[in-house]
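# Structural description and commentary
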Amino acid sequence: MPSLSPDVSILGQARNVTTSTTSQRNSTVLAAGRYVAIVNGGIVHFRQGSSSVTATTNDLRMEDNSVVYFTVPATGATFSYMALIAAAGTPAVYVAGVDEQTAASQPSAWA
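Per chain, residue numbering runs from 1 following the sequence as it is written. The predicted origin of the model limits local features to residues at a pLDDT of at least 70 and limits the giving and counting of side-chain atom pairs to 80 or more, whereas totals for whole chains, interfaces and linings rest on all residues. Calculation of side-chain values draws on the structure's entire complement of heavy atoms; hydrogens and water are dropped beforehand.

## Points about the environment of Gln24
Tracing the backbone shows Gln24 in strand 2 (residues 24-25). In this structure the C-alpha to C-alpha distance between Gln24 and Thr54, which are 30 residues apart in sequence, comes to 7.2 Å. Working rule for contacts: check all heavy atoms of both residues, and any pair within 4.5 Å makes them a contact. Apart from the residues lying within four places of it in its own chain, the contact partners of Gln24 are Thr18, Thr19, Met82, Ala83 and Leu84. A run of DSSP states H or I qualifies as a helix once it reaches four residues; a run of E qualifies as a strand once it reaches two. Both are numbered from the N-terminal end.

Here's what the structure looks like:
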């Protein structure tokens, strides 16, 4: 499992999302803030969007054992959901809010 930078702290408990080859998304809105997604067990494609967002295998991909940061903006109802689809198998994705002290900002290009 990859490790986070020492200047990043996880806020609360991480959500463990088991993916499949069918697109899945969170059922409740993600609050505004910064998040980290950690992939374990395979390649996962993702898309950030509204409550109807669907991921396909043509979307951005997270490699096995990768760490991806994303932002839900305060005015971003259209970015409050995350859809995931596995390239194969059922890799796990751990999603948690983060408190970043000096970590570099990552663009949110999910939708």
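## Things to note about the pattern of salt bridges
Salt bridge, as applied in this entry: a Lys or Arg side-chain nitrogen positioned within 4 Å of an Asp or Glu carboxyl oxygen. Here the structure, examined in full by the defined rule, presents 2 salt bridges. Among the ionic pairs, Arg47 bridges to Asp59, the shortest N-O distance being 2.5 Å. One end of the pair, Arg47, is in strand 4 (residues 44-49); the other, Asp59, is in the loop between strand 4 and strand 5 (60-62), with 12 residues separating them in the sequence. Close ionic contact of Glu63 with Arg61 constitutes a salt bridge, the shortest N to O distance being 2.6 Å. Buried means the residue's accessible area, taken with a 1.4 Å probe over protein chains only, is under 20% of the maximum for its type, while exposed means over 50%, and partly exposed covers the values in between. Since its relative accessible area comes to 38%, Glu63 is described here as partly exposed.

## Description of the environment of Thr19
Tracing the chain through its elements places Thr19 in the loop between strand 1 (8-18) and strand 2. Under the relative-accessibility criterion, Thr19 is labelled buried at 2%. The spacing of Thr19 and Ile85 is 66 residues in sequence and 6.0 Å in space, taken between C-alpha atoms. A distance of 2.7 Å separates the side chain of Thr19 from the backbone oxygen of Pro91, its partner in a polar contact. Definition of a polar contact: a pair of N or O atoms within 3.5 Å, with one able to donate and the other able to accept a hydrogen when the atoms are protein atoms, and with sequence-neighbouring residues admitted only if both atoms are side-chain atoms.

## As for the sheet that holds strand 7 (residues 81-86)
Two pairing modes exist for strands in a sheet, parallel and antiparallel, and in both the strands are linked by backbone hydrogen bonds. Strands are labelled as partners when DSSP assigns at least two bridges between them. On the basis of which strands lie adjacent, the open sheet formed by 4 strands has the order 2-7-4-5 and antiparallel pairing. The sheet terminates laterally at strand 2 and strand 5, the two strands that pair on one side only. Where strand 4 lies against strand 7, 6 bridges are found, and the strand directions are antiparallel. Bridge assignment links Phe46 to a residue of strand 7, and that residue is Leu84.

## Topic: the nonpolar core
Residues grouped as a nonpolar core are buried Ala, Val, Leu, Ile, Met, Phe, Trp, Tyr and Cys residues, joined through side-chain atoms within 4.5 Å. Residues Met62, Phe70, Leu84, Val93 and Val95 are the most contacted members of the largest nonpolar core, which totals 14 residues. Put simply, the parts of the chain that give this core at least two residues each are strand 3 (33-40), strand 4, strand 6 (67-72), strand 7 and strand 8 (92-100).

## Some remarks on the pairing of strand 7
In terms of burial, strand 7 is a largely internal element, 6 of the 6 residues being buried. On strand 7, burial covers both faces: Tyr81, Ala83 and Ile85 on one face and Met82, Leu84 and Ala86 on the other are all buried.

This is a description of form; function is not addressed.
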